[in-house]
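Here is what each chain is made of, one letter per residue.
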Amino acid sequence: MPEDYFGERVAARYDDPADEMFQPAAVDPVVDFLADLAGDGAALELGIGTGRIALPLAGRGVRVHGIDLSEAMVARLRAKPGAERIGVTIGDFATTRVEGTFSVAYLVYNTINNLTTQDEQVACFQNVAAHLEPGGCFVIEVGVPALQRVPPGETVRAFTVSPTRLGFDEYDVVSQGLISHHFWVGDGKLEARSIPFRYVWPSELDLMARLAGMTLRERFGGWKREPFTSESTKHVSVWERPR
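Residues numbered from 1 in each chain as written. Predicted model: local features only at pLDDT ≥ 70, side-chain atom pairs only at ≥ 80, totals over all residues. Heavy atoms only, no water.

Where strands meet in a sheet, backbone hydrogen bonds hold them as pairs that are either parallel or antiparallel. One open sheet holds the four strands; their spatial order is S6-S7-S8-S9, and the pairing between them is antiparallel. If you trace the sheet from one side to the other, it starts and ends with strand S6 (156–161) and strand S9 (189–198), each paired once. Averaged over all pairs of adjacent strands, the angle between their axes in this sheet comes to 15°, without regard to strand direction. Alignment of strand S8 (residues 177–186) against S9, held across ten bridges, turns out to be antiparallel. (Pairing = 2+ DSSP bridges. Helix = DSSP H or I, 4+ residues; strand = E, 2+ residues; numbered from the N terminus. Axes fitted to C-alpha atoms, helices over the stretch in contact; angles between N-to-C directions.)

Using the criterion set out here, one finds eight aromatic pairs in the structure. Between Phe 33 and Trp 223 the ring centres are 5.1 Å apart and the planes differ by 80°, which places this aromatic pair in the edge-to-face class. Here the residue Phe 33 occupies a position in helix H2 (residues 24–38), and Trp 223 occupies one in the loop between strand S10 (215–220) and strand S11 (234–240), the gap between them amounting to 190 residues. The exposure class assigned to Trp 223 is buried, which follows from its relative accessible area of 6%. Taking 5.0 Å as the distance between ring centres and 75° as the angle between the ring planes, the aromatic pair formed by Phe 125 and Phe 138 counts as edge-to-face. Placement of Phe 125 in helix H5 (residues 118–131) and of Phe 138 in strand S5 (residues 132–143) is noted, with a sequence separation of 13 residues between them. Considered together, Phe 125 and Phe 138 belong to a single accessibility category, that of buried residues. Feature note: the residues Phe 33, Phe 220 and Trp 223 constitute an aromatic cluster, connected by ring pairs. Across from the ring centre of Tyr 109, 5.5 Å away, lies the NZ or CZ of Arg 52, which sits over that ring. (Phe/Tyr/Trp six-rings, centres within 6.5 Å; stacked < 30°, edge-to-face > 60°. Buried < 20%, exposed > 50% of the residue type's maximum accessible area, 1.4 Å probe, protein only. Lys NZ or Arg CZ within 6 Å of the ring centre and 35° of its normal.)

With that out of the way, let us pick up the sheet that holds S10. Within the open sheet, the seven strands sit side by side as S3-S2-S1-S4-S5-S11-S10. Their pairing is mixed. With one partner strand each, in any of the chains shown, strand S3 (87–90) and S10 form the two edges of the open sheet. Put simply, the sheet's adjacent strands are angled 20° from each other on average, direction ignored. The sheet contact formed by strand S2 (residues 63–68) and S3 spans four bridges and is parallel. The partner of Gly 66 across the bridge, within S3, is Val 88. Where helix H4 (residues 71–78) meets the sheet, its contacts fall on S2 and S3, and the angle it forms with S3 comes to roughly 165°. Against the sheet, H5 engages strand S1 (42–46), strand S4 (102–107), S5 and S11, with an angle of about 145° to S5. (Contact = heavy atoms within 4.5 Å.)

Turning our attention to the side chain of Arg 52. Mapped onto the elements of the fold, Arg 52 is located in the loop between S1 and helix H3 (54–59). Buried charged residue Arg 52 carries no salt bridge. Nearest counter-charge: Glu 141, at 4.8 Å. Among the polar contacts listed, one links the side chain of Arg 52 to the backbone oxygen of Met 21, at a separation of 2.7 Å. (Lys, Arg positive; Asp, Glu negative; His and termini not counted. Salt bridge = Lys/Arg side-chain N within 4 Å of Asp/Glu carboxyl O. Polar contact = N/O pair within 3.5 Å; in protein donor to acceptor, adjacent residues only side chain to side chain.)

Scanning the entire structure with this criterion turns up nine salt bridges. With a shortest N-O distance of 2.7 Å, Lys 234 and Glu 141 are connected by a salt bridge. Highlighted residues: Lys 234 in strand S11 and Glu 141 in strand S5, separated in sequence by 93 residues. For Lys 234, a relative accessible area of 24% gives the class partly exposed. Residue classification places Glu 141 among the buried residues on the basis of a relative accessible area of 7%. Between Glu 218 and Arg 217 there is a salt bridge, and its shortest N-O distance comes to 3.7 Å. In this structure, a network of salt bridges that share partners links the residues Arg 217, Glu 218, Glu 240 and Arg 243.

The quantities given are spatial measurements derived from coordinates; they are silent on function.
Structure representation (structure tokens):
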């Protein structure tokens, strides 16, 4: 079983209403996109967390089931209104199986990178393919690796700098490893945590999908179906299981 980096310490801070990722402007386009793909079918969220996307998606009438390794994150989901409509299985989303089939499965907000080896990421695609009904879709939202923004010879890039918070990504280009270091001031003391990830390129994800018997259907630069270009900092990709 992989290590759970999203335990009580992280879960206690995760739901921040002031964070733009929880605002309707960020959430609504995701829910619109996924509800359109789900249609009358069910949705499977890998890394469901505290339900940022699952709860409003279920509120649209979509049947949602989630998989997550963190019992602390899921406990917060289960305490929220509407959580009774959502089934959750505790486990590693790369390998954990649940009953039934789904018209859409999805990973949002860079969660594919929580799988820190290529083998785990390949296994995730295979696991999703086994859960999808014919014609079903797998959706991933993930950042494009920011290596062009790292100066030659450097391995660290700041992503947050403020009087109360600092954040740095540390890259290992040999293993495609990425460690996000977070430092913040709270209650008069400095706190820190570091979480490992594995960054992955769009073309590599396409190959993983092909190995799992799926093909790329469309790719966008965001949830509002913006064009994906060389300047895009992230992509929303949709792979389809053959009918």
